[in-house]
Amino acid sequence: GVSTFAGITTVTGKTLFAEQAVLSGISTFATHILADEYVYVGTGNTQPLFTPGGYGGRIQVQGTNSGDSALSMRCDGNFSGGPVLLFGKSRGGTYNNDIVQDGDEIGQILMTAADGLDLNTTPVTITGKVDGTPAQNSIPASLIFKTSGQSERLRIGPLGQIGLSGANYGTSGQVLTSQGANAAPQWAAGGGGGAYSRESASGTTAQLAAGASAPPA
C-alpha cells in the first residue's frame, strides 16, 4: 500500500521536506534542499548530461508530464496587475549595482531538447541584450530571437527597429518580402499597388512609380 506523512528529514547533507510517499518500499520526497542551496522539486540532478543546457540550475523542477514539469504563477486581486517574471543583471558583486555595458545579456529564455546524447542542444533562445550606451534610468536594449543552431533570425532594436539575421534593419522605404516557405524574408525596395498617373491643372501628366506617394492635388 501507500503511506504518507509530513515532515522534515536531513539525509547526507540534504534537507527533504513536505510529504513523503512510500510505495513498495521505495521512498520519495516531494522537495529536496541540498547543502549547497540547490532546490529540487521532483528529482533533481547536477550532472550537465541530464540538465537542460548543462546549466544545472539552483532551482530544478522535474516531472513526467507537462503539468508535473510546469511552473505556475497566479495573482488574485481586484486590480489591473498580474504575475511578474523578473530578470536582473549588474556588473558588480553581490547586490552591487555596477552599471551594465553595451552587449551585456540581461536575460535569456533557453529551450533545449534531448538529441540522444545529452540535453545541451538549444534550438530556441530569446535574449534581452544591452544595445547601446547605458546610463542611469536609461538602458537601450534589443530583444533577440534565435532558432536552429543558435542563428539569429529576428531582433527588435532599441528604437523599435525590426532586424533580420542580426542588426540588419534595412534602409528607409524598404519593405519585408517573403522568400517562400523554405527561406527567411528579406528587405527589398518598396513597391506594389501599381503605377498611376495624374494630370496637373496645366495639363502636364506626371508618371509615378509603383509604391510612390502621390503629390498633393
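Structure first, text after, so check above.
The shown structure was predicted, so the numbers you read here are calculated from the model rather than taken from an experiment.

Trainee: Please clarify how the overall build of the protein should be interpreted in this entry.
Mentor: If you tally the helices and strands in the protein, you get zero helices and 14 strands. Each helix and strand of the protein, ordered N terminal to C terminal, gives the series β-β-β-β-β-β-β-β-β-β-β-β-β-β. Each of the 217 residues in the protein was classed as buried or not, and the buried ones make up 14%. Put simply, 15% of the contacts in the protein that link residues at least 6 apart link residues at least 24 apart. Of the accessible surface of the protein, which amounts to about 15,200 Å², a share of 54% is contributed by carbon and sulfur atoms.

Trainee: How should the sheet that holds strand β6 (residues 105-113) be read in this particular structure?
Mentor: Two orientations exist for strands paired in a sheet by backbone hydrogen bonds: parallel and antiparallel. If you trace the five strands from one edge of the open sheet to the other, you get β6-β7-β8-β9-β10, paired in antiparallel fashion. Strands with a single pairing partner mark the edges of an open sheet, and in this sheet they are β6 and β10 (162-164). Neighbour to neighbour, the strand axes of the sheet diverge by 15° on average, direction disregarded.

Trainee: Would you explain a nonpolar patch on the surface in this entry?
Mentor: On the surface, a nonpolar cluster with roughly 510 Å² of combined accessible area is contributed by Met 73, Leu 85, Phe 87, Ile 109 and Met 111. Within the secondary structure, Met 111 is located in strand β6.

Trainee: What's the story with the pattern of salt bridges in this structure? I'm lost.
Mentor: Any two side chains of opposite charge can pair, on the condition that their charged atoms come close. Enumeration according to the criterion identifies four salt bridges in this entry. Residues Asp 131 and Arg 155 are paired through a salt bridge, measuring 3.6 Å at the closest nitrogen-oxygen approach. With a gap of 24 residues between them, Asp 131 in the loop between β7 (121-130) and β8 (141-147) and Arg 155 in strand β9 (residues 151-156) connect regions that are remote in the sequence. On the basis of relative accessibility, which here comes to 12%, the residue Arg 155 falls in the buried class. Between Arg 155 and Glu 152 there is a salt bridge whose closest N-O contact spans 2.6 Å. Like Arg 155, the residue Glu 152 is buried in the burial classification. Salt bridges sharing partners connect three or more residues here, namely Asp 131, Glu 152 and Arg 155.

Basis of the calculations
- Residues numbered from 1 in each chain as written.
- Predicted model: local features only at pLDDT ≥ 70, side-chain atom pairs only at ≥ 80, totals over all residues.
- Heavy atoms only, no water.
- Helix = DSSP H or I, 4+ residues; strand = E, 2+ residues; numbered from the N terminus.
- Buried < 20%, exposed > 50% of the residue type's maximum accessible area, 1.4 Å probe, protein only.
- Contact = heavy atoms within 4.5 Å.
- Areas by Shrake-Rupley, 256 points an atom, 1.4 Å probe, with all protein chains shown as cover.
- Pairing = 2+ DSSP bridges.
- Axes fitted to C-alpha atoms, helices over the stretch in contact; angles between N-to-C directions.
- Patch = residues over 30% accessible without salt bridge, like charges linked within 9 Å, V, L, I, M, F, W, Y side chains within 5 Å.
- Salt bridge = Lys/Arg side-chain N within 4 Å of Asp/Glu carboxyl O.

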